[in-house]
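Single-letter residue listing:
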Amino acid sequence: GVAERFALLSKAEKPIHLSEITITAPDNSPRGQMVQAIIMRNLYRAWFSVEKMNGITWWNVVDDCGAPGEPSISGLFTRDMRPKAVYFAMDDLVNREWKTRLSAKAQGGQVAFRGFRGRYRLTWKDADGKKQMKLVEVK
């Protein structure tokens, strides 16, 4: 299936970028918008779990603004720029679920944590009380 294909692609040790993702709502009713949000959340969580996934590009950001023949209710926003349920679901994934926020006290000069791959900005106060900062890449 799809998971096996992504695992195979990841073996190439190259970043994977999904482009032109369009997830259409069955209709623009509140229920239809919720269906779109649930499908997006499930797919994005599956894609985010792929080892070499580097990016996912949502294609039609606003309803009814795609190319001729494309679905008209596949945006994150309605035609009049009102955010849809899918916008709030994506915002929750990106800005809450997939963020690592931690306050910790160093033990023996080290801090251990469980987080996502990526770049972290560590800040701390040294023995003199001076604020320090370092960027760390977790692979």
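Right above here is the structure, for reference.
Conventions and cut-offs
Residues numbered from 1 in each chain as written. Predicted model: local features only at pLDDT ≥ 70, side-chain atom pairs only at ≥ 80, totals over all residues. Heavy atoms only, no water. Helix = DSSP H or I, 4+ residues; strand = E, 2+ residues; numbered from the N terminus. Buried < 20%, exposed > 50% of the residue type's maximum accessible area, 1.4 Å probe, protein only. Contact = heavy atoms within 4.5 Å. Phe/Tyr/Trp six-rings, centres within 6.5 Å; stacked < 30°, edge-to-face > 60°. Patch = residues over 30% accessible without salt bridge, like charges linked within 9 Å, V, L, I, M, F, W, Y side chains within 5 Å. Areas by Shrake-Rupley, 256 points an atom, 1.4 Å probe, with all protein chains shown as cover. Salt bridge = Lys/Arg side-chain N within 4 Å of Asp/Glu carboxyl O. Core = buried A, V, L, I, M, F, W, Y, C linked by side-chain atoms within 4.5 Å. Arc of directions from axis to C-beta.

Mapped onto the fold, Ile-73 is located in the loop between strand E2 (53-58) and helix H3 (85-97). On the accessibility criterion, Ile-73 (17% relative accessible area) is buried. If sequence neighbours within four positions are ignored, Ile-73 has contacts with Ile-23, Thr-24, Ala-25, Pro-26, Asp-27, Asn-28, Gln-36, Asp-63 and Lys-84.

Glancing now at the environment of Ala-7. Looking at the secondary structure, you find Ala-7 in helix H1 (residues 2-10). Distance from Ala-7 to Lys-52, taken between C-alpha atoms, is 8.7 Å for residues 45 residues apart in sequence.

Further remarks concern the packing of aromatic side chains. A full pass over the atoms with the stated rule returns six aromatic pairs. Between Tyr-44 and Trp-58, the ring centres sit 6.2 Å apart and the planes meet at 45°, which makes this aromatic pair tilted. Here Tyr-44 is found in helix H2 (residues 30-48), whereas its partner Trp-58 is found in strand E2, with 14 residues between them in sequence. Owing to a relative accessible area of 5%, Tyr-44 belongs among the buried residues under this scheme. Trp-58 gets classed as buried once you look at its relative accessible area, which sits at 8%. Look at Phe-77 and Tyr-87: their rings are 5.1 Å apart centre to centre, the planes differ by 45°, and that puts the pair in the tilted class. Note that Phe-77 is positioned in the loop between E2 and H3 and Tyr-87 in helix H3, a separation of 10 residues in sequence. Look at Tyr-87 and you get partly exposed, because its relative accessible area is 29%.

Time to look at a nonpolar patch on the surface. Together, Leu-102, Val-111 and Phe-113 make up an exposed nonpolar region whose accessible area comes to about 270 Å². Summarising the element assignment, Phe-113 is placed in the loop between H3 and strand E3 (118-125). Accessibility expressed as a relative area gives 37% for Phe-113, which makes it partly exposed.

A few words now on the nonpolar core. Inside soluble globular proteins, nonpolar side chains tend to come together where they are buried. Phe-6, Met-40, Tyr-44, Trp-47, Met-53 and Trp-58 are the most contacted members of the largest nonpolar core, which totals 21 residues. Elements with a contribution of two residues or more to this core: strand E1 (16-21), H2, E2 and H3. Examining the composition of this core, we find that five residues originate from one element, H3, more than from any other.

Within H3, burial applies to Ala-85, Val-86, Ala-89, Met-90 and Leu-93. The arc that holds every buried residue of H3, seen down its axis, measures 135°, which confines them to one face. Contacts made by the buried residues of H3 are with H2 and E2.

This structure, assessed with the given rule, holds nine salt bridges. In this structure, Glu-13 engages Lys-52 in a salt bridge whose closest nitrogen and oxygen atoms are separated by 3.1 Å. Residue Glu-13 is found in the loop between H1 and E1, and its partner Lys-52 is found in the loop between H2 and E2; the two are separated by 39 residues along the sequence. The class of Glu-13 is exposed, set by a relative accessible area of 51%. By relative accessible area, Lys-52 is classed as partly exposed at 22%. Of the charged contacts in the structure, one is a salt bridge between Asp-92 and Arg-96, with a shortest N-O distance of 3.3 Å. Here Asp-92 and its partner Arg-96 are both found in helix H3, four residues apart, which amounts to about one turn of the helix. Linked by salt bridges that have partners in common, Arg-41, Arg-45, Asp-91, Asp-92, Arg-96 and Glu-97 make up one network.

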